[in-house]
Amino acid sequence: MNLLKLRKLHRWAALVVGAQVLLWTVSGIMFAWLDHQEVLGEGLAVAPAPTALAADAEVLEPARLQEVLGTGRVRALALHALDGQWVYRVESEDGVQLRRARDGARLAIDDATARRLAATHYRGDGRLEAVRHHAGPTLETRDSGPTWEAAYDDATGTRLYFSAEDGALVAVRTNAWRLKDVFWMLHTMDYRGRDDFNNPLVVLAGASAAWVALTGLWLLVRVFRRRQKP
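Bear in mind that the values here come from a model prediction, so they are computed numbers and not experimental data.

> It is not clear to me how the packing of helix 1 (residues 3-33) against helix 5 (residues 175-188) should be interpreted in this structure. Could you clarify?
Any two packed helices are characterised by how steeply their axes cross, that is the angle between the axes, and by the distance between the axes. Where helix 1 meets helix 5, the axes come as close as 9 Å, and the angle between the chain directions of the two elements is 150 degrees. By the angle between their axes, helix 1 is roughly antiparallel relative to helix 5. Crossing geometry of helix 1 relative to helix 5 is assigned as left-handed. Of the residues in helix 5, those touching helix 1 at Gln20, Leu23, Trp24, Val26, Ser27, Gly28, Met30 and Phe31 are Leu179, Lys180, Phe183, Trp184, Leu186 and His187. Each residue belonging to the contact of helix 1 with helix 5 can be placed in one class, and the counts come to nine nonpolar, four polar and one charged.

Laid out in structure tokens, this is it:
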């Protein structure tokens, strides 16, 4: 490749790469400018204070619970209060499920339960607009599995997401988080999942930026050498 062709290729590559470098710079500035607490929605959702198990509470023994569960090796077992009652959170080879503590009956997180959970967690000044079930991951929950979304009409556009498996609060999303997420997408160049730093586009952009920098230095040296010749 002669010098003229290399210079043209360098210019066009620098134009394309420069646009992405500008996006990297702007998105980095936005990360520093956005308020971290607003992005996380701190104060908009707080888990209820833990309660103590009463001495006379009717709770199934773990060994009896294993009999109710039947087959499947239990990996983790936890007893806690949820939606006004005591439940076992069972993590087994078949996944995560809730069992009523007093008799081992299986519990499901439905629309009414999600509304009650939202009411006990939300600390904003908005009104609950809608509750929606998501069978799979969304852009706002990523890899949290099936969830229930509680949407509020407050100024921050708050959305609370509860696990459809065990009712745990898995995400708090606001307009500030969504703005940050757009710039995060531009920064990572992952326009689908948004969290993959090793996707082909960002690898290509990084390699192209390195090529532009190296060829730019080489062309600069060539220009100085030509000017120094008598």
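> Help me understand the side chain of Thr174, please; the structure alone is not making it clear to me.
Looking at the secondary structure, you find Thr174 in the loop between strand 8 (169-173) and helix 5. Taking the relative accessible area as the measure of exposure, Thr174 reaches 2% and is therefore buried. Apart from residues lying up to four places away in sequence, Thr174 is in contact with Glu38, Val39, Gly41, Leu44, Thr156, Gly157 and Thr158.

> Any chance you could explain the nonpolar core here in plain terms?
One recurring pattern in soluble globular proteins: nonpolar side chains tend to sit buried together. Counting residues in hydrophobic clusters, the biggest one holds 17 residues, and the most contacted among them are Leu82, Ile109, Trp148, Tyr152 and Leu160. If we skip the residues at most four places from it in the chain, Tyr152 touches Ala118, Ala119, Tyr122, Gly126, Arg127, Leu128, Glu129, Gly157, Thr158, Arg159 and Leu160.

Definitions and limits used
- Throughout this description, residue numbers start from 1 for each chain and increase along the sequence as written.
- Per-residue local features of the predicted model are confined to residues with pLDDT of at least 70, and side-chain atom pairs are confined, for both listing and counting, to 80 or more; whole-chain, interface and lining totals are unaffected and use all residues.
- Side-chain calculation: all heavy atoms of the structure are included, whereas hydrogens and water are not.
- Interaxial angle, 0 to 180 degrees, is taken between N-to-C directions of lines fitted to C-alpha atoms, where a helix line uses only the stretch in contact.
- Counting from the N terminus, the helices are DSSP H or I runs at least four residues long and the strands are E runs at least two residues long.
- With respect to orientation, any angle under 35 degrees is reported as roughly parallel, any angle over 145 as roughly antiparallel, any angle of 65 to 115 as roughly perpendicular, and every other angle as oblique.
- Should the near helix be turned counterclockwise from the far one by less than a right angle, the crossing is left-handed, whereas a clockwise turn marks it as right-handed.
- Here, residues are in contact when the closest pair of their heavy atoms is within 4.5 Å.
- Residues are grouped as follows: nonpolar covers Ala, Val, Leu, Ile, Met, Phe, Trp, Tyr, Cys and Pro; charged covers Asp, Glu, Lys and Arg; every other residue, Gly included, is treated as polar.
- Only protein chains enter the calculation, and the probe is 1.4 Å; a residue is then buried if its accessible area is under 20% of its type maximum, exposed if over 50%, and partly exposed in between.
- Buried Ala, Val, Leu, Ile, Met, Phe, Trp, Tyr and Cys residues that are joined via side-chain atoms within 4.5 Å together make up what is termed a nonpolar core.

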